[in-house]
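Each chain, written out:
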Amino acid sequence: MTRGPDGDDGSEMDPELYERGRRRRLLLLTLVLLLGLPLYLIAASTVLGALTAPTAGADGGIEKPLHWSVELMIYLGLGLIWVFPLKGLTKGLGRNADGSRK
């Protein structure tokens, strides 16, 4: 590890720089939640609508293409999968530059 001329190893963060980065991440998170999440919901519901739409069977009856358990797993997966990309954006937003909670 290299030290600066004053013996500081640079582990302390400049509070002003930290706050600027935190504000930038908060703005990006807000844009993603306001624009990206509705687009994700529309795309997910469109795909699920196409997968679960009733179809005409060979005997003229109506068939549902997916078993209810498969449909449930798809809904659970799509309901949780959007959280993981946003985890990095939300990490540390509720903390000060010194690591304490606000």
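Before any of the text, the structure's been laid out above.
Residues numbered from 1 in each chain as written. Predicted model: local features only at pLDDT ≥ 70, side-chain atom pairs only at ≥ 80, totals over all residues. Heavy atoms only, no water.

Student: Quick question: what am I supposed to make of the environment of Thr30 here?
Tutor: With respect to the element layout, Thr30 can be found in helix H1 (residues 15–52). Overall, the relative accessible area of 36% leaves Thr30 in the partly exposed class. Placed 59 residues apart in sequence, Thr30 and Leu89 show a C-alpha to C-alpha distance of 9.9 Å. (Helix = DSSP H or I, 4+ residues; strand = E, 2+ residues; numbered from the N terminus. Buried < 20%, exposed > 50% of the residue type's maximum accessible area, 1.4 Å probe, protein only.)

Student: What's the story with the packing of H1 against helix H2 (residues 68–81) in this structure? I'm lost.
Tutor: For any two helices packed against each other, one specifies the crossing angle of their axes together with the interaxial distance. The contact between H1 and H2 brings their axes to 11 Å, and the two run at 170°. Put simply, H1 runs roughly antiparallel to H2. Residues Tyr40, Ala44, Leu48, Leu51 and Thr52 of H1 touch H2, and the partners they reach there are Glu71, Ile74, Tyr75, Leu78 and Ile81. Here the contact of H1 with H2 is built from residues that sort into eight nonpolar, one polar and one charged. (Axes fitted to C-alpha atoms, helices over the stretch in contact; angles between N-to-C directions. Parallel < 35°, antiparallel > 145°, perpendicular 65-115°, else oblique. Contact = heavy atoms within 4.5 Å. Nonpolar A, V, L, I, M, F, W, Y, C, P; charged D, E, K, R; others polar.)

Student: Before we go on, may I ask you to explain the pattern of salt bridges in this structure?
Tutor: Proximity of charged atoms lets side chains of opposite charge pair with each other. As enumerated under the stated definition, the model contains one salt bridge in all. Residue Arg20 pairs with Glu16 through a salt bridge whose shortest N-O separation is 3.4 Å. Taken together, the residues span about one helical turn, with Arg20 and Glu16 both in helix H1 at a distance of four residues. What makes Arg20 partly exposed here is its relative accessible area of 41%. (Salt bridge = Lys/Arg side-chain N within 4 Å of Asp/Glu carboxyl O.)

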